[in-house]
Amino acid sequence: MRRHLLSAGDLSRDEAVRVLDTAGELLALADRPIKKLPTLRGRTVVNLFFEDSTRTRISFEAAAKRLSADVINFSAKGSSVSKGESLKDTALTLQAMGADAVVVRHQSSGAPHRLAAAGWIDGSIVNAGDGTHEHPTQALLDAFTLRRHLADGTGDLEGRRITIVGDVLHSRVARSNALLLSTLGAEVTLVAPPTLLPVGVDSWPVTTSYDLDPTLAKADAVMMLRVQRERGAGGGFFPSAREYSRRYGVDARRMGLLPDHALVLHPGPMNRGVEISADVADSTRSVIVEQVTNGVAVRMAVLFLLLSAETTTGTDGSPW
Amino acid sequence: MSDLLVRGARPLGADPVDLLLRDGRIVEIGAGLTSRGARVVEADGLVALPGLVDLHTHLREPGREDAETVATGTGAAAAGGFTAVHAMANTDPVADTAGVVEQVWRLGAEAGHCDVHPVGAVSVGLAGERLAELGAMADSAARVRIFSDDGRCVSDAMLMRRALEYVKAFDGVIAQHAQEPRLTVDAQMNEGELSGRLGLAGWPAVAEEAVIARDCLLAAHVGSRLHVCHVSTAGSVEIIRWAKHKGWAVTAEVTPHHLLLTDGLAESYDPLFKVNPPLRGKSDVEALREGLADGTIDAVATDHAPHPVEDKECEWAAAAFGMLGLETALSVVQEAMIETGLLDWAGVADRMSTRPARIGRVADQGRPLSVGEPANLVLVDPSGRRAVRPDRTLSLSRNTPFAGIELPGRVVATMLRGRPTVLDGALVAAEPVGGLPVGASGARP
């Protein structure tokens, strides 16, 4: 039985749809005067963040609290971790405190896999972003947002065309979305300068392009990735932030190339003026704020399905 | 020392004979030998090979005695069938002076499990800036002939040229860790489809191959000897084959792990499989085996790299590079080369003893199993398979990538100048030799 969420690629189409459906039911809760469910009362969720990410942490925290779980935030900043404590000892500490689920954000790719496989801890591990590897709950919330607008909030994303633009090489959001959206039947196009596409991307279930404009006319949605300014100039991946912005940023002109129904997404935090102009970020096509709302519902669904798996397993024994 | 009679061993896998060892040499070979008072080692069915010589061992002493010491590392070597190891220079302090290489050499002699030939650093502090006192190390009691900044690449072309030129004065060789540093910043694993998927920074084949090509050209230009450490890619094999075809004095080694394991193991994110150069693809493994079989690659060298548990029991990026190798090398080579029919036992003896000894200019090792030759030999039971047990290592460390894997063959006994260092697979307590191993001094031409 699956106990962890480590990679978006772990989910089958049916499992992914089940998470999205569950998130849909939980989202309805947000409109009620009392937002809390008793489902995870007495269970402990630890947010283990080795890397700063306030938005992801508070999203998981809100999700766990709305399910009545006890939440412990363990931040590497100012903790024993910054004094050289190992991942293993941190895990053993959390194990001793009885964590039922550990939501882990780590700067090293694969750290959640180590926690899940090394036998240091019994709880479920949820990958909340690891290095340049994956960020599966971000992909789930993106898929959830896309489904609401492009598929009436049900089923999968069969045949929808999604363009993902930017620093694919270093992006855990891109990896998870490429896997999940194609699992859900979408046609994914990755657009980036050649220096920001990983070696071997041709074996991913996506198409790629170095040229943004031609992909826009057919896109149902365009997802902009955050690009760090340091990747330019000194980093050497592109000559300057200005040149990057000209070739790969989405501005009002490029927004005009999109079909009328097409959406603009961004996982945040945005670099306004680099990968996305203020015009676009604040436009009616932008669902960037809604992504945040949906993030809480999707993370509730993930925690709910993982932690209540004993009583609500799917027909195949999987919690999804 | 009393005589030692090895009964019924099969030299290089040939028909069984008896070998009589006396005063550190093989004095008689034949059927039905007897010798009054000789200690008898029954070797019925065991393959006899000349004692193995490792060109690439990290003994970690001085500096990281928590990972390995000269005594424990050489004990592991003897258990693996080695009678000589070359101790890499990346210790703390670095082996870049006559003082440090003599210290390591002396510790090896005192431990007595196998001969220790220190490798000298090419550059002061491995910093890649100016030559270390190569001549002083060559002239020291340790008689250093192999120089390497291993762990780091001598990436500066002029420094590499000067090093290659300079060691001609004492028939030295530069052993290059071929890794273009700018192409491998923060590199974690083989660059390919998997590194992209796992989000681990890639270590591209070209970063190794470009340096090897440059160094072959430099060695040819200055007429010196180049040895390429731990070759890991098909492209590298091709470049070395080309250089040899040109008649240039280029030699190369491959590690056991690169002959057996592939980069797919990184998918577990278990740092036991993190090594430099990284595990590569299946086609690379095939090319390395082929290169070793046809002699393009001269030697198997372990790159035995012990690390304490905490440096491997962590997330991938935080973990140290390196794997144990001494105790499993021969079994891995049997699996990769003998069981596949690519080499016979004579070929294994050539690649693990004869040629490495010649590259390191070690005169009394890597010799034929003939009358009058030094009695350095290993007895191997090639039958049976057993799972590798990390909790059974003689090395202080446990970071073997072969844990749980079943491998063929077993070292039953190792003889160093006629004295058993290993019997029945167990280490024999070394006799104190008061500093110098018998016959070690003046052994070189």
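Residues numbered from 1 in each chain as written. Chains lettered and ligands numbered in written order. Predicted model: local features only at pLDDT ≥ 70, side-chain atom pairs only at ≥ 80, totals over all residues.

Further remarks concern the overall build of chain B. A tally of helices and strands in chain B yields 11 helices and 19 strands. Relative to the 2.2 N^0.38 estimate, which gives 22 Å for 445 residues, the radius of gyration of chain B is 21 Å and therefore close to what a compact globule would have. Its C-alpha atoms put chain B at 65 × 45 × 45 Å along the principal axes. Considering chain B as a whole, with its 445 residues, one finds that 59% of them fall into the buried category. Contacts in chain B between residues far apart in sequence, at least 24 positions, make up 75% of those at least 6 positions apart. (Helix = DSSP H or I, 4+ residues; strand = E, 2+ residues; numbered from the N terminus. Rg over C-alpha atoms; globule rule 2.2 N^0.38 Å. Buried ≥ 20, exposed ≤ 12 C-beta atoms within 10 Å, placed from the backbone. Contact = placed C-beta atoms within 7 Å.)

What chain A contains, in helices and strands, is 12 helices and nine strands. Taken over the C-alpha trace, chain A has a radius of gyration of 19 Å; the compact-globule value for 320 residues is 20 Å, and the two agree within 12%. Buried residues in chain A amount to 52% of all 320 residues. Within chain A, counting contacts between residues at least 6 apart in sequence, those at least 24 apart form 75% of the total.

Nonpolar side chains in soluble globular proteins tend to be buried together. Ranked by size, the top nonpolar core spans 138 residues in total, and within it F147, V333 and L379 of chain B carry the most contacts. It is helix α2 (residues 98-111) of chain B that contributes the most residues to this core, eight residues altogether. When near neighbours in sequence (up to four residues on either side) are disregarded, V333 of chain B contacts P256, L259, V300, V348 and M352 of chain B. The next biggest cluster of nonpolar side chains, apart from the first, holds 103 residues, and it includes A101, A143, L196 and A297 of chain A. (Core = buried A, V, L, I, M, F, W, Y, C linked by C-beta atoms within 7 Å.)

Here the focus is helix α8 (residues 241-248) of chain A. Residues and elements named next belong to chain A. Looking only at α8, the buried set comprises A241, Y244, S245 and Y248. An end-on view of α8 places all buried positions within 100° of arc, on one side of the element. Packed against the buried residues of α8 are β5 (161-165) and β6 (187-191). (Arc of directions from axis to C-beta.)

Here the focus is the packing of helix α1 (residues 13-29) of chain A against helix α5 (residues 136-150) of chain A. The angle between the axes and the distance between the axes are what describe a pair of packed helices. All names here are of chain A. Their axes nearest at 10 Å, the elements α1 and α5 cross at an angle of 70°. Here α1 lies roughly perpendicular to α5, going by the angle between them. The two elements α1 and α5 meet at a crossing, and its hand is right-handed. Contact residues: α1 offers V19, L20 and A23, while α5 offers L140, A143, F144 and R147. (Axes fitted to C-alpha atoms, helices over the stretch in contact; angles between N-to-C directions. Parallel < 35°, antiparallel > 145°, perpendicular 65-115°, else oblique. Left-handed = near helix turned anticlockwise from the far one by under 90°.)

Take the interface of chain B and chain A next. At the interface, 19 residues of chain B touch 22 residues of chain A. Considering each element in turn, the side of chain B that touches chain A owes the most residues, five residues, to helix α5 (residues 193-198) of chain B. Partitioned by chemical class, the residues of the side of chain B that touches chain A number seven nonpolar, six polar and six charged. (Nonpolar A, V, L, I, M, F, W, Y, C, P; charged D, E, K, R; others polar.)

Moving on: the sheet that holds strand β7 (residues 82-87) of chain B. All names here are of chain B. Pairing is parallel in the open sheet, where three strands are placed in the order β6-β7-β8. The sheet is open, and its two borders are formed by β6 (52-57) and β8 (115-118), each paired with just one other strand. On average, each strand axis in the sheet is tilted by 20° relative to the strand beside it, whichever way the strands run. Bridge count between β7 and β8: four bridges; the pairing is parallel. Bridged to A87 within β8 is P118. (Pairing = 2+ DSSP bridges.)

Often, the extent of an interface is quoted as the loss of accessible area upon association of its parts. Residues and elements named next belong to chain A. Domain boundaries in chain A define domain 1 (8-135 + 292-312) and domain 2 (136-291). On a C-alpha basis, the centres of domain 1 and domain 2 stand 25 Å from each other. Of the residues lining the interface, 26 residues belong to domain 1; the matching set on domain 2 comes to 26 residues. In terms of residue class, the side of domain 1 that touches domain 2 is made up of 11 nonpolar, 10 polar and five charged. (Domains from an automatic or database assignment.)

Moving on, we get to the environment of C153 of chain B. All names here are of chain B. With respect to the secondary-structure elements, C153 resides in the loop between β9 (146-147) and α4 (157-166). As a C-alpha pair, C153 and E373 span 220 residues in sequence and 37 Å in three-dimensional space. If sequence neighbours within four positions are ignored, C153 has contacts with Q176, H177, A178, Q179, E180, P181 and V211.

Our focus in this paragraph is the pairing of strand β8 (residues 221-224) of chain A. Residue and element names in this part refer to chain A. Here β8 shows no split at all, with A221 and M223 on one side and V222 and M224 on the other all buried. Of the pairings in the sheet, the one linking β8 to strand β9 (residues 263-265) comprises three bridges and is parallel in character. From the neighbouring strand, V222 faces β9, where its bridge partner is V264.

Residues and elements named next belong to chain A. Strands sit in the order β7-β6-β5-β8-β9 across an open sheet of five strands; the sheet is parallel. Across the chains shown, the open sheet's two edge strands, defined by having one partner strand only, are β7 (207-209) and β9. On average, each strand axis in the sheet is inclined to that of its neighbour by 20°, with strand direction left out of account. Sheet topology note: the β6/β7 ladder contains three bridges and is parallel.

A few words now on the packing of α5 of chain A against helix α11 (residues 288-307) of chain A. Residues and elements named next belong to chain A. For the pair α5 and α11, the least separation of the axes is 8 Å and the interaxial angle reads 115°. You can see that α5 and α11 cross each other, and the crossing is right-handed. For the pair α5 and α11, contact is made by T137, L140, L141, D142, F144 and T145 and by E290, Q291, N294, G295, V298, R299 and V302, respectively. Residues belonging to the contact of α5 with α11 are distributed by class as follows: five nonpolar, five polar and three charged.

A cis amide bond links G268 of chain A with the next residue in sequence, P269 of chain A, at an omega value of -10°. Its place among the elements puts P269 of chain A in the loop between β9 and α10 (278-281). The omega torsion of the bond from N276 of chain B to P277 of chain B falls at -5°, within 30 degrees of zero and hence cis. Within the secondary structure, P277 of chain B sits in the loop between α8 (256-260) and α9 (282-294).

Here we take up α4 of chain B. Along α4 of chain B, the residues classified as buried are M160, A163 and L164 of chain B. Take α4 of chain B and look down its axis: the buried residues cluster within an arc of 100°, on one side only.

Turning next to the pairing of strand β3 (residues 25-30) of chain B. All names here are of chain B. Bridge analysis of strand β2 (residues 17-22) against β3 gives five bridges, and the strand direction is antiparallel. Each residue of the ladder has a partner; that of L19, found in β3, is I29. Between the antiparallel neighbours β2 and β3 lie two residues, among them D23 with a positive phi of about 50°.

All names here are of chain B. Confidence along chain B averages 95 in pLDDT terms, with 96% of residues attaining 70 or more. Every residue in residues 434-445 scores below 50 in pLDDT, and together they form 23 contacts with partners more than four places removed in sequence or on other chains. Of the two predicted TM-score estimates for the complex, the pTM is 0.93 and the ipTM is 0.91. (pLDDT = per-residue confidence, 0-100.)

A few words now on the environment of A132 of chain B. All names here are of chain B. Structurally, the position occupied by A132 is in the loop between β8 and α3 (134-139). When the 25 C-beta atoms within 10 Å are taken as the criterion, A132 is described as buried. Taking C-alpha positions, A132 is 8.4 Å from G120, a pair spaced 12 residues apart along the chain. When residues no more than four places from it in sequence are discounted, the contact partners of A132 are D96, G120, A121, V122, S123 and V124.

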